[in-house]
Amino acid sequence: MGTDLPELLRSLRVWDAGTTTLPAFDPDTAPPTPLLLFTHWLAEAVAAGQPEPHTMSLATTDEEGRPDVRIVMLHGADAEGWSFATHATSRKGRALAAHPYAALAFYWPVLGRQVRMRGPVTAAPSQDSQADLHARSTGALAAALTGRQSEDLPSLEELRRVSEAAWERARENPAEPSPTWTLYHLRPETVEFFQGDPDRRHVRLEYRSTEFGWSRGLLWP
């Protein structure tokens, strides 16, 4: 408990040469659409051993205009957008109902890379949301059936009791629906690819959605 926080922070290094290899990134060779480059970078993060490269920060704005952020899992990315799921009754579900616009950020420190995007968010039809849920693990279904996300929890014992019952239901009926579980699609208006550089000459390539397709431009680091 006696840790000196400022001293600890000063001792830390970003992209330590002993554990991180920063690849070169030539933006002139980037593909015409951000999805192609994202898929390539994600595959490289997996190959480089980045833990949980499919997790991302999701930023929303609640009913009163206050920002919030949390880590969620990427469920897919295609022409519909980048997808994630949650209960419509959760904090982020309520925030998205009030302000259907969000931002996502991926960070892969093993390669010194980030991908950031923002844009409008739409909810998928119920049948698509349930199909996505049932394509996942028994644990994912059990968690969805536990429900009550973001509500006050009386005790850990209450969580254990409700969770155990949800696990039993998920094992007995793998197709049981979770009515509030919702798949969301973020269709980006901008997507930025950030490649770190040891000399701090970071490369930032931003794709911008236009009526004619995607345009690209560089940003100062």
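Higher on the page you've got the structure.
So, here's what we can say about the structure.

Cut-offs and rules
Residues numbered from 1 in each chain as written. Predicted model: local features only at pLDDT ≥ 70, side-chain atom pairs only at ≥ 80, totals over all residues. Heavy atoms only, no water. Helix = DSSP H or I, 4+ residues; strand = E, 2+ residues; numbered from the N terminus. Buried < 20%, exposed > 50% of the residue type's maximum accessible area, 1.4 Å probe, protein only. Contact = heavy atoms within 4.5 Å. Areas by Shrake-Rupley, 256 points an atom, 1.4 Å probe, with all protein chains shown as cover. Lys, Arg positive; Asp, Glu negative; His and termini not counted. Charge placed at Lys NZ, Arg CZ, Asp CG, Glu CD. 1 Å grid on protein atoms, 1.4 Å probe; cavity = no way out; pocket = protein on both sides within 12 Å on 5 of 7 lines; lining within 4 Å. Points joined across faces, edges and corners; volume = space filled by probe spheres on them. Nonpolar A, V, L, I, M, F, W, Y, C, P; charged D, E, K, R; others polar. Expected span 1.5 Å × (residues − 1). Patch = residues over 30% accessible without salt bridge, like charges linked within 9 Å, V, L, I, M, F, W, Y side chains within 5 Å. Salt bridge = Lys/Arg side-chain N within 4 Å of Asp/Glu carboxyl O. Pairing = 2+ DSSP bridges.

## Looking at the overall build of the protein
Part 1 of the reasoning: A count of helices and strands for the protein gives six helices and 10 strands.
Part 2 of the reasoning: Once the C-alpha set of the protein is aligned to its principal axes, its extents read approximately 55 × 55 × 40 Å.
Part 3 of the reasoning: Within the span of the protein, comprising 221 residues, buried residues form 35% of the whole.
Part 4 of the reasoning: Long-range contacts, defined as pairs at least 24 residues apart, comprise 64% of the intrachain contacts of the protein with a sequence gap of at least 6.
Part 5 of the reasoning: With an accessible surface of roughly 13200 Å², the protein has 55% of that area assigned to carbon and sulfur atoms.
Part 6 of the reasoning: Side-chain charges of the protein comprise 22 positive and 29 negative groups, with the mean position of each set lying 3 Å from the other.

## What to know about the layout of surface pockets
Over the atoms rolls a probe the size of a water molecule, and its path tells where empty space is left.
Part 1 of the reasoning: As a volume, the largest pocket reaches approximately 410 Å³.
Part 2 of the reasoning: M73, H75, A85, Q149 and W181 are, among the 19 residues lining the largest pocket, the residues nearest its centre.
Part 3 of the reasoning: Those elements giving two or more residues to the lining of the largest pocket turn out to be β2 (67-73), β4 (81-87) and α5 (138-146).
Part 4 of the reasoning: In the lining of the largest pocket, the residues fall into 10 nonpolar, six polar and three charged.

## Remarks on helix α6 (residues 156-172)
Part 1 of the reasoning: Here α6 contains 17 residues, and its C-alpha end-to-end distance of 24 Å stays within 8% of the 24 Å for a straight helix at 1.5 Å per residue.
Part 2 of the reasoning: Of the surrounding elements, those touching the buried residues of α6 are α5.

## Some remarks on a nonpolar patch on the surface
Part 1 of the reasoning: A contiguous nonpolar surface patch, about 390 Å² in accessible area, is contributed by L5, L8, L9 and L12.
Part 2 of the reasoning: For L8, the position within the fold is in helix α1 (residues 5-11).
Part 3 of the reasoning: The partly exposed category is assigned to L8, whose relative accessible area is 39%.

## Some details on α5
Part 1 of the reasoning: Turning to α5, its buried residues number three or more, namely L141, A142, A144, L145 and T146.
Part 2 of the reasoning: Once α5 ends, the next one or two residues include G147, with phi positive near 65 degrees.

## Observations concerning the pairing of strand β6 (residues 113-123)
Part 1 of the reasoning: Bridge count between strand β5 (residues 101-108) and β6: eight bridges; the pairing is antiparallel. Looking at β6, one finds that Y101 is bridged to P120.
Part 2 of the reasoning: Remark: four residues form the turn of the hairpin made by β5 and β6, two consecutive strands paired antiparallel; G112 in that turn has positive phi of roughly 65 degrees.
Part 3 of the reasoning: Strand direction decides the pairing type here: β6 and strand β8 (residues 190-195), joined by six bridges, are antiparallel. Among the inter-strand pairings, V115 is bridged to a residue of β8, identified as F193.
Part 4 of the reasoning: As paired elements, β6 and strand β7 (residues 181-186) share three bridges and run antiparallel to each other. Within β7, the residue paired with A123 across the bridge is Y184.

## Here's the deal with the pattern of salt bridges
Part 1 of the reasoning: Scanning all chains against the criterion turns up 16 salt bridges.
Part 2 of the reasoning: A salt bridge links R66 to D62, with the shortest nitrogen-to-oxygen separation between them at 3.0 Å.
Part 3 of the reasoning: Overall, the relative accessible area of 15% leaves D62 in the buried class.
Part 4 of the reasoning: For the salt bridge of R201 with D199, the shortest nitrogen-to-oxygen distance reads 3.2 Å.
Part 5 of the reasoning: Judged by its relative accessible area of 57%, R201 falls in the exposed class.
Part 6 of the reasoning: Each member of the salt-bridge network shares a partner with another, and the members are D62, E64 and R66.

## Structural notes on the environment of A135
Part 1 of the reasoning: Considering the arrangement of structural elements, one finds A135 in the loop between α4 (126-134) and α5.
Part 2 of the reasoning: Separated by 26 residues in the primary sequence, A135 and R161 place their C-alpha atoms 25 Å from one another.

## Considering unusual backbone geometry
Part 1 of the reasoning: For E52, which is not glycine, the phi dihedral falls at a positive 45 degrees.
Part 2 of the reasoning: Summarising the element assignment, E52 is placed in the loop between α2 (34-47) and β1 (55-61).
Part 3 of the reasoning: For E52, a relative accessible area of 55% translates into the label exposed.
Part 4 of the reasoning: In this model, R148 sits at a positive phi of 60 degrees, which is unusual for a non-glycine residue.
Part 5 of the reasoning: Residue placement: R148 occurs in the loop between α5 and α6.

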